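# Tertiary structure, described
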Amino acid sequence: MSKPDTTARATVTVDSKKPSSTPSTTAAPRPQPVPGTGPGGPGGRAAPHPAAAHPPAAHPAAEHAPAAPQPAAHPVAGDARRRRIDGLLRHSPLQPVFRALSSRRLAVLAYHGIDDPTAFTAQMERLVRTASPVSLGELERCVAEGRPLPPRSVLVTFDDGDRSVLTHGLPVLARLRIPAAAFVVTELIGTEQPFWWSEAAYLAARGGTAQALSGCPPQHAVGRLKTLPDADRRRSLQELRATAGTRAPRQAQLGSTDLTELRAAGVAIGNHTHSHPCLDRCADATVRTEVAEAHRLLTGWLGEAPTAFAYPNGNRDERTEALLGELGYRLGFLFNHRHDALLPPDPLRINRLRINSDTTRHRFDTILSGLHPAVHRIRGGC
């Protein structure tokens with residue numbers, strides 16, 4: 001995505017739009033995540049150690065349905081345990097070692113929506129004190145020229161195009177002059193259609209059934225759907241809609257003018273496919289349609305072709321990679337909770353770190369250092 005040079009940090013003043021749902025403001029709270037339903041893997045609040053997939057719940061635009069039933073748990077005890085673990089890691093003697101090593105690595109932070117604007121603000125303020133935020137354009141130029149980025153480089157990215165990136169994220173990023181990139185699902189632009197995983201989680205929690213989900217607990221429905229061939233996933237979603245007896249809440253999405261506003265303020269816009277399928281579960285024709293249609297639409301809206309792509313769910317696919325090269329993409333991003341080199345050896349397979357807007361400060365520090373990702377891998381994460 002050749003965008004106006006984002007090396008110069010965003011300096012425009014952005015008027016805050018109506019806030020989307022968030023637990024820390026007066027806006028209506030977003031329903032809490034159902035374990036295993038986020039598009040990138042296990043939900044960040046559901047597991048004790050993974051850093052983050054975003055919640056599956058939708059932002060209601062005009063109607064507000066009741067929150068989805070939650071699995072039996074003790075959230076207060078679970079939160080306290082996670083905070084203790086985060087604190088132990090942050091004050092571990094290994095943290096300074098990993099912190100020193102991280103100065104020679106690239107950290108690409110992969111957010112989704114911003115559920116906690118206050119915590120996100122604190123994260124970004126800490127980022128500018130302890131690291132060197134870089135833009136997508138800077139990374140593209142370094143790759144093209146074969147030179148590494150500066151030490152402690154961090155790139156902030158957002159997947160899916162949740163409207164909270166505009167309403168809650170952009171004012172903070174612009175004030176702190178932090179460049180970023182947003183990878184959007186083009187089918188949703190200008191609509192009130194919820195993300196498919198949000199809709200599926202909502203419908204399954206309210207009695208929706210599908211043949212391919214037989215025997216699957218509702219809280220694991222989205223995880224099961226991601227493993228299916230894409231045609232079966234789409235068919236199962238239709239079955240959920242037909243059997244649930246209710247519809248998922250509408251969700252206000254970004255519009256095409258919002259994309260140009262984000263880009264003008266230093267948030268580059270990238271391709272995240274047309275409808276966010278898991279590309280490695282798609283037929284050849286579907287892979288081409290998903291990538292090429294999103295490419296066409298973004299080119300029309302932005303007046304120039306995007307040059308960066310984020311694989312939905314992090315599922316890299318060789319057919320997709322070949323198509324990206326054909327379309328002139330320079331960068332491709334995974335979702336694997338790892339650092340990369342300051343000069344990534346494979347520009348179409350750049351590692352990213354999973355993170356939430358409500359990630360604790362201790363965990364934020366250990367994610368940036370690489371200690372949390374290392375522990376995550378030791379405990380069986382991928």
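Preceding this paragraph is the structure being described.
In what follows, the accompanying structure is described. In this numbering scheme, every chain counts its residues from 1 along its sequence in written order. Where local features are concerned, this predicted model is filtered to residues with pLDDT of at least 70; where side-chain atom pairs are given and counted, the filter is 80 or more; whole-chain, interface and lining totals use all residues. Side-chain numbers here rest on the full set of heavy atoms in the structure, without hydrogens or water.

With that settled, consider the packing of aromatic side chains. Two rings belonging to Phe, Tyr or Trp (six-membered ring only in the last case) form a pair when the distance between their centres is within 6.5 Å. Interplanar angles under 30 degrees mark stacking, angles over 60 mark edge-to-face geometry, and anything in between is tilted. Following the criterion strictly, the structure yields 8 aromatic pairs and no others. Between F183 and F333, the aromatic rings sit 5.5 Å apart at their centres with planes inclined by 50°, giving tilted as the arrangement. In this pair, F183 sits in strand 4 (residues 180-184) while F333 sits in strand 7 (residues 331-333), placing the two residues 150 residues apart along the sequence. Comparing F183 with F333 shows no difference in burial state: the two are buried. Geometrically, the ring pair formed by F309 and Y329 is edge-to-face, given 6.3 Å between the ring centres and 85° between the ring planes. In this pair, F309 is assigned in strand 6 (residues 308-310) and Y329 in the loop between helix 11 (318-327) and strand 7, connecting sequence segments 20 residues apart. Note on F309: relative accessible area 0%, which makes it buried. Each helix is a run of DSSP H or I of at least 4 residues and each strand a run of E of at least 2, with the numbering of both proceeding from the N terminus. Each residue gets one of three labels from its accessible area relative to the maximum for its type: buried under 20%, exposed over 50%, partly exposed in between, using a 1.4 Å probe on protein chains only.

Our focus in this paragraph is the state of the cysteines. Sulfur atoms of two cysteines make up a disulfide when they are within 2.5 Å. Inspection of the entire model under this criterion finds 0 disulfides. Considering cysteine sulfurs only, C278 is the nearest to C282, which forms no disulfide, with 7.6 Å between them. Exposure remark for C282: the relative accessible area of 6% places this residue in the buried category.

Our next topic: a positive patch on the surface. A cluster of basic residues, R81, R83, R84 and R379, forms a positive patch at the surface. Take R84: it is sitting in helix 1 (residues 75-90). Residue classification places R84 among the exposed residues on the basis of a relative accessible area of 54%. Residues enter patches when their relative accessible area tops 30% and they take part in no salt bridge; the joining distance is 9 Å for like charges and 5 Å for the nonpolar side chains Val, Leu, Ile, Met, Phe, Trp and Tyr. All accessible areas in this document rest on Shrake-Rupley with a 1.4 Å probe, and a residue is counted as covered only by the protein chains that are shown. Any carboxyl oxygen of Asp or Glu that lies within 4 Å of a side-chain nitrogen of Lys or Arg is treated as forming a salt bridge with it. Note on charges: Lys and Arg go in the positive column, Asp and Glu in the negative column, and His and the chain ends are not counted at all. For the purpose of locating charges, the reference atoms are NZ of Lys, CZ of Arg, CG of Asp and CD of Glu.

This part covers the packing of helix 5 (residues 164-176) against helix 9 (residues 256-264). Packed helices, taken two at a time, are described by the angle their axes make and the gap between the axes. Close contact between helix 5 and helix 9 brings their axes to 11 Å; oriented N to C, the two are set at 20°. Comparing the axis directions of helix 5 and helix 9 gives the class roughly parallel. The interaxial crossing formed by helix 5 with helix 9 has left-handed handedness. Within the contact between the two elements, helix 5 uses V165, L166 and L170 and helix 9 uses D258, E261 and L262. Each residue gets one label: Ala, Val, Leu, Ile, Met, Phe, Trp, Tyr, Cys and Pro are nonpolar, Asp, Glu, Lys and Arg are charged, and the others, such as Gly, are polar. Here the contact of helix 5 with helix 9 is composed, by residue class, of 4 nonpolar, no polar and 2 charged. An axis is simply a line fitted to the C-alpha atoms; with a helix, the fit covers only the stretch in contact. Between two such axes, the angle follows the N-to-C directions and lies from 0 to 180 degrees. Note that the term roughly parallel is reserved for angles under 35 degrees, roughly antiparallel for angles over 145, roughly perpendicular for angles of 65 to 115, and oblique for everything else. Handedness of each helix crossing follows the sense of rotation of the near helix against the far helix: counterclockwise by less than a right angle gives left-handed, clockwise gives right-handed. Whether two residues are in contact is decided by their heavy atoms: any pair within 4.5 Å suffices.

Burial within strand 3 (residues 153-160) is extensive, with 8 of its 8 residues counted as buried. Strand direction decides the pairing type here: strand 1 (residues 105-111) and strand 3, joined by 5 bridges, are parallel. Pairing of L109 across the sheet is with V156, part of strand 3. Taken together, the 2 bridges between strand 2 (residues 132-133) and strand 3 define a ladder with parallel strand orientation. Following the sheet pairing, P133 is matched in strand 3 by V154. When the strands point away from the viewer and the path from the first strand over the helix to the second turns clockwise, the crossover is right-handed. For the handedness criterion, the β-α-β arrangement of strand 2, helix 4 (residues 136-145) and strand 3 is classed as right-handed. We treat two strands as partners when DSSP finds at least two bridges between them. By the bridge criterion, 5 bridges tie strand 3 to strand 4 in an arrangement that is parallel. Its bridge partner being in strand 4, D160 is matched across the sheet by V184. Considered for its hand, the β-α-β crossover made up of strand 3, helix 5 and strand 4 is right-handed.

It is worth spelling out the nonpolar core at this point. Nonpolar cores are built from buried Ala, Val, Leu, Ile, Met, Phe, Trp, Tyr and Cys residues. Side-chain atoms within 4.5 Å join them into one set. Counting residues in each nonpolar core, the largest one holds 35 residues, and the members touching the most others are Y111, M124, L127 and F158. Here the element with the most residues in this core is helix 5; it accounts for 6 residues. When neighbours within four sequence positions are excluded, L127 is seen to be in contact with P133, V154, V156, I178, F364 and L368. Counting residues in each nonpolar core, the second largest holds 21 residues, with A200, C216, L237 and L240 among its members.

Function cannot be read off these values alone, since they describe shape.
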